[in-house]
Structure formats: C-alpha cells, structure tokens
Amino acid sequence: MSPTEPEQVDLLVLGGGMAGMSAAARAARDGATVVLVEKGEAIGGSAAYAGFIWTAPTMEVMHEVNPDGDHALADRVVEAYDEGIAWVRSLGVDVKDPVTVLGYGRGRETDLANYLLACERLVRERGEILVGTEARRLLVDGGRVTGSEVVDRSGRTREIGARTTLLATGGFGGDAELRARHVHPLAADIPLRANPHSTGDGLRLGLEAGGAFTGDGAGFYGHLIPSRVAYGNPLEFTDLTFYHSEHGVLLNLEGRRFCDETLGDHLSTLRVLEQPEGRALLVTDQRVHDEWMLAPYVEGVEPLDKFALAYRRGARAAIAEDIDEFEALPEEWGYPGPAARDALHELNRQCADGRLSPSRELDAAPLLSPPYYVIEVIPAITFTFGGLRIDERARVLDDGGEPVPGLLAAGADAGGVFHQAYAGGLATALAFGLEAARTALAGQTLSTVQALTPGAP
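In this text the structure is predicted, and so the values were computed from the model without any measurement.

Draft legend 1. Fine view of the sheet that holds strand β16 (residues 387–389). Here we have 3 strands laid out as an open sheet, ordered β10-β16-β19, and mixed in their pairing. On the outer flanks of this sheet lie β10 (213–214) and β19 (414–415), each paired with one strand and no other. Bridge count for β16 against β19 is 2 bridges, and the pairing is parallel. Each bridged residue has a counterpart across the sheet, and for Arg389 the counterpart in β19 is Gly415. Strands in contact with helix α6 (residues 201–208) are β10 and β16; relative to β16, the strand with the most contacts, it is inclined by about 35 degrees.

Structure, rendered in structure tokens:
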C-alpha cells in the first residue's frame, strides 16, 4: 500500500476488550491487515478486571438458565467454548482446569492479562492499534459500511477504510441515559463495575448504519454491592461484591422479601433494581458468614470478609445479636424495623414448614445462628444484555433481519444472547470475536496482506 493510495485494511475493529482483541488477533494471525481503535488509553476493556472464561456446559443447561435468550446465539456460545479455550492456549496463555461457576456453569481461570498482551503482539505484527482514539462515524457507501472516521485525543481525524468493520466497544453500561431507556428508569443512577469507556459508541454507530436494536428489558449482568461506599477503581468492585447474597435474605423498603434470593446474586441484582429506590437490606447469619462469605466463591479464589471490609469503608451496616433487635433499625435507613423483624421470623417459620413464599429453591435453611449481619446493598452493572441484533456469524442485522453489509458486532455491543439471565460474558465475547474474524475473512483475497508480506497465506 503506497502512501498516496486510500487507506484500506481487511478488518477494522472498534473496541479493544475481549471481543475486539480476540477478533483482531485471530484475523491478523490468519493473514489479514487489521486496525484496532480503542477509546481508552490502553487495551483490555472490562476483561482486564476478570479472571474466568466460563459458560453453560451444555445447550440444555443454557436453555434452562437462559430460556428467553436467542437460542441460536446462546447455543453458539456453548458450541464455541472448547474451540475458544484451544485458541487461548495456542497463544501460550495459562488456562487452569475446569471448575464450577455459579452452580451451573463450567469455567477455567485464565491469565487474561497475558492473553490480551499476546493478542496485542499479533495485531501489531500485521496492523496497528490506536489507543486514546474514538470512532466518530462509520463510512457508508451504497448501503455498505466501508470503515470509520476516528478522532484522537488531540482532535486529529483520520478515515480508515475497511472491507469489514467490527463493533466491539463494550455495550452501553457506562451511559446513564441509555441504561434508563433500555434497562430500567432507576438504572440511570447505579454504579458501573466495569470499563468506564463502554458508553454506547458501538450501539450508536450501528443504529446510524441501519442496524436494529434488540433487548429492551433484557437486563444486565451485575452484582450487589454495599451502598454509600465511594468507588473509584473498577478493581475494587470484586472485593466489595456480595456474591454470597444468594444464601441470605433481601428485604425491601417495606421490610418484606421480594424474590428467591438463592437463584443467584446476579439475578437478585435485577430484582433489587425493581424495588422502591433500587435498594435493599441483605441479612445473613453466622452460618452464612462462615460457610459462604468466608469460603471461595469460585474454586481457587482467595476468600475475603466482605462485610468487615464494607463496614470499614463506611457502608450502611450493623450486627444484631437477635432477630428482635431488627425492630430498632436506624430510622435514617428508611426501613420499618418491626416489619423487617417480622419478615425474618416468618422466614424461619416458613422454612420449618417447608412452604416458602417467595421460594428459596437452592437454600431453604433458616437464619437461626446469631449474630446477624445486615448491610444495605444496591445493584451495580458490569455490562448490558441489550444491543445490536446479530446472527450466528456476528453480522449486524437490520429491522428486516437482513445483514448490514460490511458490519459486524460482538461482545456487549451485540444483543440477544441473554435475557434476564447470564452464562458468561467473556465466553460470549470470545465466541463471537472469533466468529467475527472468520466472517470478515470469508471469501476475501487478503490482497493487502499479500502485498505487504510475501508468502503470507
């Protein structure tokens, strides 16, 4: 490619997280020229804060835990899991033996920092990575997406032509207005426990190019965290995430239970958002504290006394020696103490009778072991489930279900995989990132690569 010719690459990737880096690296290794554009100052996205690649072990389990997701897309995640792990290992990255995740998933602890670095090396060998650079608009010619205009921190603009463009900017979890519109009105104010640059850029660009949105009301992946704690670093969220809430009791501002907490903290998070003011009290006893909070949530992960840490950080928390003490909940918390006390006594009575409402399908044990730990929790969002409509080949689809020529989406920019359920974000990003690379290269001559690299496949 001479300096006077228009810039043209085989694959332009917008977003440097798990999906984008996987697609760019795979395409580069297979002989394509690639440019990757990352809005932040470094690659990695939310994957930089993660540790496990996991999903449902079978399609049957996927359908059971995620019945309202797009089955074709969700099945592709399950089908592609072993291939994705093999790809990660092919880059010399350490991947541990499988363990159980969230009670129904299979997952492997993975050295994601080295995976991202290995992908970066592959991309730089055959292309370019632009950090601190934002996609301003997509280039469209005759209805086909032909690249993007990007702008760097200095304000310098550049047009990058591409045979195929992949949107992988991380979804819209970082945009309050989009959260309120597509998730829940109260979602505008919830904390983001992920990459702060995921503010809906890919969604906006894809919609402008004719792509369709899917997933209003689909929800998000997130967890419960203590309220009234200042969070400045996304790495802090894991230490202050109350995964063990699935063994405790949640009480809303009316002092009553409102969901089956035992189905999973990630699902209780969605239910808390639906409650008045989007907050709730989490109550556990000493049994739950010792057997669940102080045990590894996933095998191999160091446990931490999250209650003690949250208390030191100024969370709204207390310890009661007896359930009757809940009658004296601090007035400023806003919860009716007598109602909370009665709800806990009623829970224990229902556990003894074996008739719980709401049910506690996976842990029907009563709370009988004082002291009782009480802490106010709120939802925090990791990434959104709604996004651009895609097919199994990662092609962005329009309102009529037809592919938008030249445009792909993967990771949280793509919607439809999960609906009010969850079975692995990294596995989903990896599956559709690699699928996007295959789709981008299918049928291409890769003339730019062959011109630059004699003997390239």
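Draft legend 2. Highlighting a negative patch on the surface. On the surface, Glu321, Asp322, Asp324 and Glu325 cluster together into a patch of negative charge. As for its placement among the helices and strands, Asp322 is situated in the loop between β14 (317–320) and α11 (337–353).

Draft legend 3. A look at unusual backbone geometry. The amide bond that connects Ser357 to the next residue, Pro358, takes the cis arrangement and shows omega of -5 degrees. Structurally, the position occupied by Pro358 is in the loop between α11 and β15 (372–384). Cis rather than trans, the peptide bond between Pro370 and Pro371 has omega equal to 5 degrees. Mapped onto the elements of the fold, Pro371 is located in the loop between α11 and β15. In the Ramachandran plot, Leu102 falls in the positive-phi region, its phi being about 55 degrees despite a non-glycine side chain. Residue position: Leu102 is located in the loop between β4 (95–101) and β5 (105–110). Look at Ala394: it is not a glycine, yet its phi comes out positive at around 70 degrees. In this structure, Ala394 sits in the loop between β16 and β17 (395–397). For Ala394, a relative accessible area of 0% puts it in the buried group.

Draft legend 4. Seen up close, the packing of aromatic side chains. Counted according to the given criterion, the structure contains 11 aromatic pairs. When the centroid spacing of 5.1 Å and the interplanar angle of 80 degrees are considered together, the rings of Phe307 and Tyr373 count as edge-to-face. A residue pair is termed long-range when its members are at least 10 positions apart, and Phe307 in helix α10 (residues 306–312) and Tyr373 in strand β15 qualify at 66 residues. The pair formed by Phe307 and Tyr373 is uniform in burial state, with each residue classed as buried. The rings of Trp54, Tyr104, Tyr221, Phe383, Phe385, Phe418 and Tyr422 are connected pair by pair, giving a single aromatic cluster.

Draft legend 5. Representation of the sheet that holds β4. The 3 strands lie next to each other as β3-β5-β4, forming an open sheet whose pairing is antiparallel. Each edge of the open sheet carries a strand with a single partner, namely β3 (52–55) and β4. Mean inter-strand twist for the sheet, computed between neighbouring axes without regard to direction, equals 25 degrees. Taken together, the 5 bridges between β4 and β5 define a ladder with antiparallel strand orientation. Counted as the bridge partner of Val101 is Gly105 from β5.

Draft legend 6. Structural view of the nonpolar core. Core analysis: the biggest nonpolar cluster contains 102 residues, and Met18, Val34, Ile53, Trp87, Tyr115, Leu166 and Phe432 have the highest contact counts within it. Ranked by the residues each element gives to this core, the list is headed by helix α12 (residues 425–441), at 11 residues. Dropping the residues within four chain positions of it, Val34 is found in contact with Leu11, Val13, Ala24, Ala27, Ala28, Val123, Arg126, Gly127 and Glu128. By size, the runner-up hydrophobic cluster in this structure holds 21 residues, among which are Val249, Ala340, Cys351 and Tyr372.

Rules of the game
Residues numbered from 1 in each chain as written. Predicted model: local features only at pLDDT ≥ 70, side-chain atom pairs only at ≥ 80, totals over all residues. Heavy atoms only, no water. Pairing = 2+ DSSP bridges. Helix = DSSP H or I, 4+ residues; strand = E, 2+ residues; numbered from the N terminus. Contact = heavy atoms within 4.5 Å. Axes fitted to C-alpha atoms, helices over the stretch in contact; angles between N-to-C directions. Patch = residues over 30% accessible without salt bridge, like charges linked within 9 Å, V, L, I, M, F, W, Y side chains within 5 Å. Areas by Shrake-Rupley, 256 points an atom, 1.4 Å probe, with all protein chains shown as cover. Salt bridge = Lys/Arg side-chain N within 4 Å of Asp/Glu carboxyl O. Lys, Arg positive; Asp, Glu negative; His and termini not counted. Charge placed at Lys NZ, Arg CZ, Asp CG, Glu CD. Buried < 20%, exposed > 50% of the residue type's maximum accessible area, 1.4 Å probe, protein only. Phe/Tyr/Trp six-rings, centres within 6.5 Å; stacked < 30°, edge-to-face > 60°. Core = buried A, V, L, I, M, F, W, Y, C linked by side-chain atoms within 4.5 Å.

Don't take any of this as a statement about function, it's just geometry.
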